[in-house]
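Structural characterization, general
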Amino acid sequence: MVDDNHLQKAAEVIAGSERLVVFTGAGMSKESGVPTFRDALDGLWAQFDPMKLATPQAFRQNPKLVWDWYNYRCELLADKLPNPGHYAVAELEDLLPQVVVITQNIDGFHHEVGSTDVICLHGDLKRDKCFANCRGNPTYVDVTQLSAWDPESGPPFCPYCEEAYVRPDVVWFNESLPYHELTRATELSRQADVMLIIGTSGVVWPAAGLTVEAKQAGATLVEINPNPSEITPIAHYFLQGPSGEIMPHLVKRIRELLTR
Ligand code: APR
């Protein structure tokens, strides 16, 4: 368990925040048993190179293969649940004036536990859109409403333009992050007085760059991770351990400080 003094200091910093950003990565969902992108390349899918499954080019070449891969990842997620770390993040909204979650995860767990302001930088595995964004970016499509479509046949055509395929609303390699989400996430990171960074290696840009933006703008960085990451050297507080364990203790301390 984390050093008590460290935990208390981090709780004091967060309890005093006016504009908290919580920046999360795959480690946030590790204790939920959510396989990371690379973990999911097992069994039948082990033979595939991610670059052949998660790029616009791959989708153009073989829409059914890519569509089936994301369906498989959805299946892997179907019996997974948010963990105490997600619930603790959501609880911060009851305690602090401003809490925004910026996540790299596509499992939708922050929304599921009630966090009300979540920026999904890499999209959402459970959401689909028109490949051509024919009605503006993004043109969401609810495939469960497409009665004439046979799910076994691969992706449906967009019901609006009837030309482009429907695709998963996730950011693929060689694609830029969604403009509005990244712009708002960058603004909020620059305005944050505290950034709580949970479960990210900090190796994937531009998402990881948000921590540098926050630091340069004067925010205090608090990191939770069982292992040192690329971000640890610039963090003011490093709480070493799993977020599902640490976050409930941290939020309990914050609540005690704010309800004295
Ligand atoms: N609690 C908190 N952090 C954990 C836990 C845990 N229980 N278990 C592991 N971690 C940490 C690891 O130490 C690592 O630093 O979570 C981090 C996961 O790193 P990555 O797998 O690189 O995930 P992430 O940083 O979110 O990657 C960013 O890369 O795979 C692509 O697009 C995908 O959004 C993803 C992006």
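Structure: see above.
These remarks concern the structure in this document. (Residues numbered from 1 in each chain as written. Predicted model: local features only at pLDDT ≥ 70, side-chain atom pairs only at ≥ 80, totals over all residues. Heavy atoms only, no water.)

By the definition in use, this model includes 11 salt bridges. Across the pair Lys129 and Asp169 runs a salt bridge, and its minimum N-O distance is 3.2 Å. Of this pair, Lys129 sits in strand S4 (residues 123–130) while Asp169 sits in strand S6 (residues 166–170), and the two are 40 residues apart along the sequence. Taking relative accessible area as the criterion, Lys129 reaches 12% and is therefore assigned buried. A cluster of three or more residues bridged by salt bridges with shared partners is formed by Arg127, Lys129 and Asp169. (Salt bridge = Lys/Arg side-chain N within 4 Å of Asp/Glu carboxyl O. Helix = DSSP H or I, 4+ residues; strand = E, 2+ residues; numbered from the N terminus. Buried < 20%, exposed > 50% of the residue type's maximum accessible area, 1.4 Å probe, protein only.)

Quick look at the nonpolar core now. Residues Leu20, Val22, Leu92, Leu196, Leu239, Met247 and Leu250 are the most contacted members of the largest nonpolar core, which totals 31 residues. Considering each element in turn, this core owes the most residues, six residues, to helix H1 (residues 4–15). In this structure Val22 touches Val89, Leu92, Val99, Val100, Val101, Ile102, Leu196 and Ile198, once residues within four positions along its chain are discounted. Counting residues in each nonpolar core, the second largest holds 20 residues, with Leu77, Phe109, Leu125 and Trp172 among its members. (Core = buried A, V, L, I, M, F, W, Y, C linked by side-chain atoms within 4.5 Å. Contact = heavy atoms within 4.5 Å.)

A few words now on unusual backbone geometry. Here the residue pair Asn137 and Pro138 is connected by a cis peptide bond, since its omega of 5° sits within 30 degrees of zero. Summarising the element assignment, Pro138 is placed in the loop between S4 and strand S5 (140–141). Backbone torsion omega between Trp205 and Pro206 reads 5°, so that peptide bond is classified as cis. Relative to the assigned elements, Pro206 resides in the loop between strand S7 (194–198) and helix H7 (209–216). Phi at Asn133 is positive, roughly 45°, even though this residue is not glycine. Relative to the elements of secondary structure, Asn133 occurs in the loop between S4 and S5. The backbone phi angle of Asn174 is positive, close to 70°, even though this residue is not glycine. Structurally, Asn174 can be placed in the loop between S6 and helix H6 (179–191).

For the pair H1 and helix H8 (residues 243–258), the least separation of the axes is 9 Å and the interaxial angle reads 60°. By the angle class used here, H1 and H8 are oblique. The two elements H1 and H8 cross, and the hand of that crossing is right-handed. Across the interface between the two elements, Asp4, Leu7, Gln8, Ala10, Ala11, Glu12, Ile14 and Ala15 from H1 touch Ile246, His249, Leu250, Arg253, Ile254, Leu257 and Leu258 from H8. Grouping the amino acids of the contact of H1 with H8 by side-chain chemistry returns 10 nonpolar, two polar and three charged. (Axes fitted to C-alpha atoms, helices over the stretch in contact; angles between N-to-C directions. Parallel < 35°, antiparallel > 145°, perpendicular 65-115°, else oblique. Left-handed = near helix turned anticlockwise from the far one by under 90°. Nonpolar A, V, L, I, M, F, W, Y, C, P; charged D, E, K, R; others polar.)

Moving on: the sheet that holds S7. One open sheet holds the six strands; their spatial order is S3-S2-S1-S7-S8-S9, and the pairing between them is parallel. Edge positions in the open sheet fall to strand S3 (118–120) and strand S9 (237–240), since each of these has one partner strand only. Taking the axes of each pair of neighbouring strands and ignoring which way they run, one obtains an average angle of 15° across the sheet. The sheet contacts of H7 involve strand S1 (20–24), strand S2 (99–103), S7 and strand S8 (220–225), and relative to S7 the element is tilted by about 155°. (Pairing = 2+ DSSP bridges.)

Summarising the element assignment, Arg73 is placed in helix H3 (residues 63–78). For Arg73, a relative accessible area of 10% puts it in the buried group. Sequence spacing of Arg73 and Leu125 is 52 residues, and the spatial spacing of their C-alpha atoms is 8.1 Å. With near-sequence residues (within four places) excluded, Arg73 lies in contact with Phe37, Ala40, Ile106 and Leu125.

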